[in-house]
Amino acid sequence: MTRYRFAVALTFAAAAALAPGLPAWAQATASHADAPLQDAAPVTIGAIEISGAFTRATLPNAPVAGGFMTITNTGTEDDRLVGVETGIAKEGQIHEMAMEGDVMKMRQLTDGLLIPAGESVSLAPGGYHLMFMGLNAAIAEGDAVPVTLIFEKAGTITLDLMAGGTAASQAMGH
Ligand SMILES: [Cu+2]
């Protein structure tokens, strides 16, 4: 039984790192891990502005990590985030969290994520997020993780996601 319980504990820890919408009992060390880190400067491509981009430190051998940010479309035409590429993982995906019955589940947005004209879309723990599948290495707090985002109209932009603690809920400024 000991081995089984250990595996369960690890699973919860990994889930908490990815889905802060989980209840408090699943996010044991939340407030601790929220150490301030440098806020990534906003970046712009065409009408798209990206701010507050961050990721989270992972446990050793974690299979996946998440990416979070606010994407603003300052233009008059809708755009769409259609792809994400990163060297830290085998594959980048765009995900949403949604209730299935009474269970919160992740789902890949295979058609991308609409960024409506004149609006901001928040990629945040518990909601839309980038998902890095098949990590090549663990992410440490303070790392800058380069990620390339592909927008249907605005084009392609590479930016750094600043790594917060394993339970970071936002990019911390100043
Ligand atoms: Cu996901």
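Residues numbered from 1 in each chain as written. Predicted model: local features only at pLDDT ≥ 70, side-chain atom pairs only at ≥ 80, totals over all residues. Heavy atoms only, no water.

Engineer: I'd like a rundown of the overall build of the protein chain, residues and numbers included.
Structural biologist: Of the regular secondary structure elements, the protein chain holds 2 helices and 11 strands. Per-residue burial for the protein chain yields a buried fraction of 42% across its 174 residues. For the protein chain, contacts bridging at least 24 residues in sequence account for 69% of all contacts bridging at least 6. As presented, the protein chain carries roughly 9,200 Å² of accessible surface, and 55% of it is formed by carbon and sulfur atoms. (Helix = DSSP H or I, 4+ residues; strand = E, 2+ residues; numbered from the N terminus. Buried < 20%, exposed > 50% of the residue type's maximum accessible area, 1.4 Å probe, protein only. Contact = heavy atoms within 4.5 Å. Areas by Shrake-Rupley, 256 points an atom, 1.4 Å probe, with all protein chains shown as cover.)

Engineer: With reference to specific residues and values, describe the confidence of the model for the protein chain.
Structural biologist: Mean pLDDT over the protein chain works out to 82, with 75% of the residues at or above the 70 mark. Here residues 1–37 is modelled with pLDDT under 50, and outside its nearest four sequence neighbours on either side it reaches 43 contacts, counting other chains as well. (pLDDT = per-residue confidence, 0-100.)

Engineer: How would you explain the coordination of the copper ion if you had to name every residue and give the values?
Structural biologist: Around the copper ion, the protein contributes the donor atoms His95 (ND1), Met106 (SD), His129 (NE2) and Met131 (SD), at 2.1 to 2.2 Å from the metal centre. Metal-centred angles of 95 to 120 degrees between the 4 donor atoms at the copper ion mark the site as tetrahedral. (Donors = N, O, S within 2.8 Å, 3.2 Å for Na, K, Ca; no water. Tetrahedral: all angles 85-135°; square planar, octahedral: opposite > 155°, others 65-115°.)

Engineer: Which residues make up the nonpolar core, and what values do they have?
Structural biologist: Ranked by size, the top nonpolar core spans 30 residues in total, and within it Ile50, Met69, Ile71, Leu130, Phe132, Leu149 and Phe151 carry the most contacts. Discounting residues that sit within four places of it in the chain, Met69 has contacts with Ile50, Ser51, Gly52, Ala53, Val121, Ser122, Leu123, Leu130, Leu149 and Leu161. (Core = buried A, V, L, I, M, F, W, Y, C linked by side-chain atoms within 4.5 Å.)

Engineer: How would you sum up the pairing of strand β5 (residues 89–100)? Please name residues and give values.
Structural biologist: As judged from the 6 bridges shared by β5 and strand β9 (residues 129–135), these two strands associate in the antiparallel manner. By the bridge assignment, Gln93 is partnered in β9 with Met131. Remark: 2 residues form the turn of the hairpin made by β5 and strand β6 (residues 103–108), two consecutive strands paired antiparallel; Gly101 in that turn has positive phi of roughly 65 degrees. (Pairing = 2+ DSSP bridges.)

Engineer: Would you mind going over the pairing of strand β3 (residues 64–73) in detail, with residue names and values included?
Structural biologist: As a general feature of sheets, a regular strand has side chains that alternate between the two faces. Across the 10 residues that make up β3, a large majority, 9, are buried. In the sheet, β3 pairs with β9 via 4 bridges, with the strands oriented antiparallel. Among the inter-strand pairings, Ala65 is bridged to a residue of β9, identified as Phe132. As defined by bridge partners, β3 adjoins strand β8 (residues 120–123) across 4 bridges and the pair is classed as antiparallel. Its bridge partner lying in β8, Thr70 is registered against Ser122.

Engineer: Tell me about the packing of aromatic side chains, residues and numbers included.
Structural biologist: According to the stated counting rule, one finds 1 aromatic pair in the structure shown. Look at Phe54 and Phe68: their rings are 5.0 Å apart centre to centre, the planes differ by 35 degrees, and that puts the pair in the tilted class. With a gap of 14 residues between them, Phe54 in strand β2 (residues 48–56) and Phe68 in strand β3 connect regions that are remote in the sequence. Assessed through its relative accessible area of 4%, Phe54 is described here as buried. (Phe/Tyr/Trp six-rings, centres within 6.5 Å; stacked < 30°, edge-to-face > 60°.)

Engineer: Help me get a handle on the side chain of His95, residues and values and all.
Structural biologist: Mapped onto the elements, His95 comes out in strand β5. Given a relative accessible area of 5%, His95 falls into the buried group. Polar side-chain contacts of His95 include one of 2.7 Å to the side chain of Gln93. Leave out the neighbours within four places in its chain, and His95 touches Met106, Arg107, Gln108, Leu109, Gly127, Tyr128, His129, Met131 and Met133. (Polar contact = N/O pair within 3.5 Å; in protein donor to acceptor, adjacent residues only side chain to side chain.)

Engineer: Describe the environment of Ala168, and please don't skip the residues or the numbers.
Structural biologist: Mapped onto the fold, Ala168 is located in the segment after β11 (155–164). Distance in space between the C-alpha atoms of Ala168 and Arg56 is 6.2 Å, their sequence separation being 112 residues.

Engineer: With reference to specific residues and values, describe the environment of Glu91.
Structural biologist: Looking at the element boundaries, Glu91 is found in strand β5. It is 8.3 Å that separates the C-alpha atoms of Glu91 and Met131, two residues lying 40 residues apart in sequence. Among residues more than four places away in sequence, those in contact with Glu91 are Gln108, Met131, Phe132 and Met133.

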